[in-house]
Amino acid sequence: MAELSVPTIESFTVTLIVRRFDPENDTEPKWEDFDVEMYGTDRVLDALHKIKWEQDGSLTFRRSCAHGVCGSDAMRINGRNRLACKTLIKDLDISKPIYVEPIKGLPVEKDLIVDMTPFYKAYLEINPFLVATDKPKKERLQSPEERARYDDTTKCILCAACTSSCPVFWTDGQYFGPAAIVNAHRFIFDSRDENAELRLDILNDKEGVWRCRTTFNCTEACPRGIEVTKAIAEVKQAILRGRA
Amino acid sequence: MSVTIEVPNRPRTRKQANWEKYGWLFMRVSGPLLIVLIFTHLVVNLVLGDGIKAIDFAFVAGKWADPFWQVWDLAMLWLALIHGTNGMRTIVNDYAGQVKVRRALTTTLWAVCALLILLGTLVIFTFDPCPAGASAELLASFCPAQ
Ligand code: HEM
Ligand code: SF4
Ligand code: FES
């Protein structure tokens, strides 16, 4: 009988250079490199898991769903903001080391974990909830066209990849940031919502939409493919018109 | 068991009246105007006619004797300076975190802008290539002998 041949699955070694910071022992963040054996189906998150589980248990990062839904693991991978769980290693140039850093513009707490408080604060300020004064007995109706008007911005998972890719946010931490504007857009253009004017007024702030310089970093960064810069431009236009 | 979620109520305190909307609009209106103004200016001065060789004191004096070019240069002066200063103010807002530093830099910017606009406007409208009473050796060759 012919021998049963089990195909071997190709693996490769990649080097990850991770930006690390331990608030209890370090005064400055530092780079540390790790070699890991990976497969074509592995993602950056798998590499981080492998490091944490097999090499250095102290490596600290956030992740929850591991499937691009929860928005926990936005990080700077080779200089671009990505979700570690949606970035396949084989899509990166593995002939060179892969650089992994925390997202920029928010205070680093430990290794890849940043303090998201300023980000959520800006989000809360735009009233991210439906405001409707009527008390209907059944659901509020909306035409497919009305629903499509803000479809793109409903997809946000609040990962902060956009806001922390914005150079204005890096240097001027007061700026509301793309994510807050995206989530305002989601309600401003919702036909059932009654508070568009208030949100437009909030974003007409000194640190509101006019800080945006159309860099497109946010659109490039968004793991949900939201056209973030376009959404910001639409909010600017709405403020100029004085209504949604 | 049911959980009651209170109506979220977060009064906003940060918002102040501001001119950012008009600043943003101004940059977009003045930009395209500057394209026309600056490139026409460059072509007329450096390309048409004798080209770059034509430029001398008499060339400038000739242009400023014409109200059309006076208004043209005035528009270019005002728009470019306000546009440039407002652009610099944006960059100051990016990088200067402390309110005092911001205010000092912005005030300096607008003071310099106002001074340059004032001086430039004065020159455009009071320019006289052959001022009366100037000593003969300082006058341009095309001035009538006095
Ligand atoms: C030639 C035609 C010009 C066009 C079409 C133009 C257009 C613009 C626009 C649209 C902006 C706003 C950018 C934004 O908010 O994202 C801007 C910014 C700026 N412009 Fe101009 N401009 C022109 C000429 C000038 C000139 C002559 C100066 C200098 C006197 C100047 C200095 C600036 C500066 C300093 C900024 C701020 C840059 C920044 O936001 O980082 N521009 N320009
Ligand atoms: S808009 Fe995109 S990048 Fe920004 S927080 Fe939402 S999902 Fe993340
Ligand atoms: S771990 Fe949930 S989005 Fe990546």
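What you see is a predicted model; the values in this text were computed from it and never measured. (Residues numbered from 1 in each chain as written. Chains lettered and ligands numbered in written order. Predicted model: local features only at pLDDT ≥ 70, side-chain atom pairs only at ≥ 80, totals over all residues. Heavy atoms only, no water.)

Draft legend 1. Structural detail: the coordination of the iron atom of ligand 1. Protein coordination of the iron atom of ligand 1 is limited to a single donor, B:H83 (NE2), which sits 1.9 Å from the metal. Here B:H83 lies in helix α3 (residues 67–95). (Donors = N, O, S within 2.8 Å, 3.2 Å for Na, K, Ca; no water. Helix = DSSP H or I, 4+ residues; strand = E, 2+ residues; numbered from the N terminus.)

Draft legend 2. Structural detail: the domain arrangement of chain A. All names here are of chain A. The domain boundaries assigned to chain A delineate domain 1 (11–114) and domain 2 (117–241). Centre-to-centre separation of domain 1 and domain 2, based on C-alpha positions: 29 Å. Opposite the 15 residues of domain 1 that make contact, domain 2 presents 15 residues. When the two sides are added together, the surface that domain 1 and domain 2 hide from each other amounts to roughly 1200 Å², 56% of it contributed by carbon and sulfur. The largest contributions to the domain 1 side of the interface with domain 2 come from N81, K104 and L106, which together make up 37% of the buried area. Scanning the region where domain 1 abuts domain 2 turns up 2 salt bridges. At the boundary of domain 1 and domain 2, one finds 5 residue pairs in polar contact (both at pLDDT 80 or more). Every element with two or more residues in the side of domain 1 that touches domain 2 is listed here: β3 (74–77) and β4 (80–83). Top contributing element to the side of domain 1 that touches domain 2 by residue count: β4, with 4 residues. (Domains from an automatic or database assignment. Contact = heavy atoms within 4.5 Å. Buried area = accessible area lost by both parts, 1.4 Å probe. Salt bridge = Lys/Arg side-chain N within 4 Å of Asp/Glu carboxyl O. Polar contact = N/O pair within 3.5 Å; in protein donor to acceptor, adjacent residues only side chain to side chain.)

Draft legend 3. Seen up close, the sheet that holds β3(A). Residue and element names in this part refer to chain A. Taken in spatial order, the 5 strands make up an open sheet running β2-β1-β5-β3-β4, and their pairing is mixed. A single partner strand is all that each edge strand has here, and the edge strands are β2 (30–39) and β4. Direction aside, the axes of adjacent strands within the sheet are offset by 35° on average. Examined bridge by bridge, β3 and strand β5 (residues 98–101) share 2 bridges and lie antiparallel to one another. Bridge pairing links R76 to E101 in β5. Seen against the sheet, helix α1 (residues 44–55) touches β1 (11–20), β2, β3 and β5 and runs at an angle of roughly 105° to β2. (Pairing = 2+ DSSP bridges. Axes fitted to C-alpha atoms, helices over the stretch in contact; angles between N-to-C directions.)

Draft legend 4. Structural context of the site of ligand 1. Contacts to ligand 1 come from 13 residues, most closely from A:R213, B:M27, B:R28, B:H83 and B:G87. Residues close to ligand 1 are split across chains A and B. Side-chain polar atom of A:R213 to an oxygen atom of ligand 1: 2.7 Å apart, as the coordinates give it. Taking B:R28, its side chain carries an N or O atom lying 2.8 Å from an oxygen atom of ligand 1. Elements with a contribution of two residues or more to the shell around ligand 1: α1 (20–46) and α3 of chain B. Among the residues making up the shell around ligand 1, the classes are represented as 7 nonpolar, 4 polar and 2 charged. (Near = heavy atom within 4 Å. Nonpolar A, V, L, I, M, F, W, Y, C, P; charged D, E, K, R; others polar.)

Draft legend 5. Molecular detail of the nonpolar core. Core analysis: the biggest nonpolar cluster contains 71 residues, and A:L16, A:L48, A:L203 and A:V235 have the highest contact counts within it. Counting contributing residues per domain, this core is built from domain 1 (11–114) and domain 2 (117–241) of chain A, each supplying no fewer than three. What A:L48 contacts, discounting residues up to four positions off in sequence, is A:L16, A:L59, A:F61, A:M75, A:A84 and A:L112. B:L34, B:W69, B:W72 and B:M76 belong to the second-largest nonpolar core, a separate cluster that totals 6 residues. (Core = buried A, V, L, I, M, F, W, Y, C linked by side-chain atoms within 4.5 Å. Buried < 20%, exposed > 50% of the residue type's maximum accessible area, 1.4 Å probe, protein only.)

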